[in-house]
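# Report on the structure
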Amino acid sequence: MKRVLSTLVFLCFGLVTTFAQQPSSASNKFRTFSRPEASYVFGINSSFNNQKINSLHIKLVIGVANAITGLGIGVENTSFNATGNGGSNFQTLNFSGNAHILAKPISTKELNYFIKAAAGYAPKIFGAYNKGFNYQVTPGVLLTTKKGAKYFLQAVYNYQELAGLNVSGEKPNVKGVGLGIGTWF
């Protein structure tokens, strides 16, 4: 499963690279973007002490994009909470490579759709934080206000390994689905 989803993430990066190499025009000019977002993800597997783990994600992505595609780097603080009695709490600080593809150019004022993918690693920087590989796949809808501000609503599939916690000789992994919101500058 990990290989399949990793392949999907790298395929998205490949598509972005392909679109980025099209002949240049005014709409293909690369510009910087930033995308702060927050999401809440509900655990779909029992990963630690037979408990499902929910998580709150706060993420910032900064990168370059043309009218349809973009690449960026992201930093994400995630707080994991087990749902059972005496639930455990975990923290990660993820660094990731991110890619996105829009259905229409970013400049459109109409309703727009996108898919984003990210893959990265959470190193153990601080003592209370855990380490491990992670990835996300996120389809969503982009809304533009009358004043030109862009907001989005997204569905999230998230996978996170928690390498610092050996339970019965295994590394727990957290899989979850949820919803998120954010702005697109």
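Residues numbered from 1 in each chain as written. Predicted model: local features only at pLDDT ≥ 70, side-chain atom pairs only at ≥ 80, totals over all residues. Heavy atoms only, no water.

So, about the overall build of the chain. A tally of regular secondary structure across the chain gives 1 helix and 9 strands. Reading the secondary structure of the chain in the N-to-C direction produces α-β-β-β-β-β-β-β-β-β. Put simply, the chain shows about 9,700 Å² of open surface, and 63% of that area lies on carbon and sulfur atoms. (Helix = DSSP H or I, 4+ residues; strand = E, 2+ residues; numbered from the N terminus. Areas by Shrake-Rupley, 256 points an atom, 1.4 Å probe, with all protein chains shown as cover.)

For the rest of this paragraph, the subject is the environment of Asn45. Looking at where Asn45 falls in the secondary structure, it is placed in the loop between strand E1 (31-43) and strand E2 (46-48). Note on Asn45: relative accessible area 16%, which makes it buried. Spatially, the C-alpha atoms of Asn45 and Asn173 are 8.6 Å apart, while their sequence positions differ by 128 residues. Ignoring sequence-local partners within four residues, the contact set of Asn45 consists of Gln51, Lys52, Ile53, Asn173, Val174 and Lys175. Polar side-chain contacts of Asn45 include one of 3.0 Å to the backbone nitrogen of Lys175. (Buried < 20%, exposed > 50% of the residue type's maximum accessible area, 1.4 Å probe, protein only. Contact = heavy atoms within 4.5 Å. Polar contact = N/O pair within 3.5 Å; in protein donor to acceptor, adjacent residues only side chain to side chain.)

Within the secondary structure, Glu76 is located in strand E4 (residues 69-82). As a buried residue without a salt bridge, Glu76 has its nearest oppositely charged side chain in Lys59, at a separation of 4.6 Å. Dropping the residues within four chain positions of it, Glu76 is found in contact with His57, Ile58, Lys59, Thr92, Leu93, Asn94 and Gln136. (Lys, Arg positive; Asp, Glu negative; His and termini not counted. Salt bridge = Lys/Arg side-chain N within 4 Å of Asp/Glu carboxyl O.)

Evaluated as defined, the whole model comprises 1 cavity of 30 Å³ or more. Space inside the largest cavity adds up to approximately 40 Å³. Taken together, Arg35, Glu37, Lys59, Val61, Asn98, Lys116, Ala117, Ala118, Gln136 and Thr138 make up the full set of residues lining the largest cavity. Put simply, the parts of the chain that give the lining of the largest cavity at least two residues each are E1, strand E3 (51-65), strand E6 (112-122) and strand E7 (132-144). Looking at which element gives the most residues to the lining of the largest cavity, the answer is E6, with 3 residues. Residue composition of the lining of the largest cavity, grouped by class: 3 nonpolar, 3 polar and 4 charged. (1 Å grid on protein atoms, 1.4 Å probe; cavity = no way out; pocket = protein on both sides within 12 Å on 5 of 7 lines; lining within 4 Å. Points joined across faces, edges and corners; volume = space filled by probe spheres on them. Nonpolar A, V, L, I, M, F, W, Y, C, P; charged D, E, K, R; others polar.)

Moving on to the nonpolar core. Formed by Phe33, Val61, Ala65, Leu102, Phe114, Leu142, Phe152 and Trp184, the largest nonpolar core amounts to 8 residues. Those residues within four positions of Leu102 in sequence are excluded, and the remaining contacts are Ala67, Ile68, Asn112, Tyr113, Phe114, Leu142 and Trp184. Judged by nonpolar contacts, the second largest core, of 6 residues, contains Ile53, Ala82, Phe90 and Leu162. (Core = buried A, V, L, I, M, F, W, Y, C linked by side-chain atoms within 4.5 Å.)

The next point concerns a nonpolar patch on the surface. On the surface, Leu60, Ile62, Val75, Phe95, Ile125 and Phe126 cluster together to form a nonpolar patch covering roughly 520 Å² of accessible area. The topology assignment puts Ile125 in the loop between E6 and E7. The exposure class of Ile125 is partly exposed, given its relative accessible area of 45%. (Patch = residues over 30% accessible without salt bridge, like charges linked within 9 Å, V, L, I, M, F, W, Y side chains within 5 Å.)

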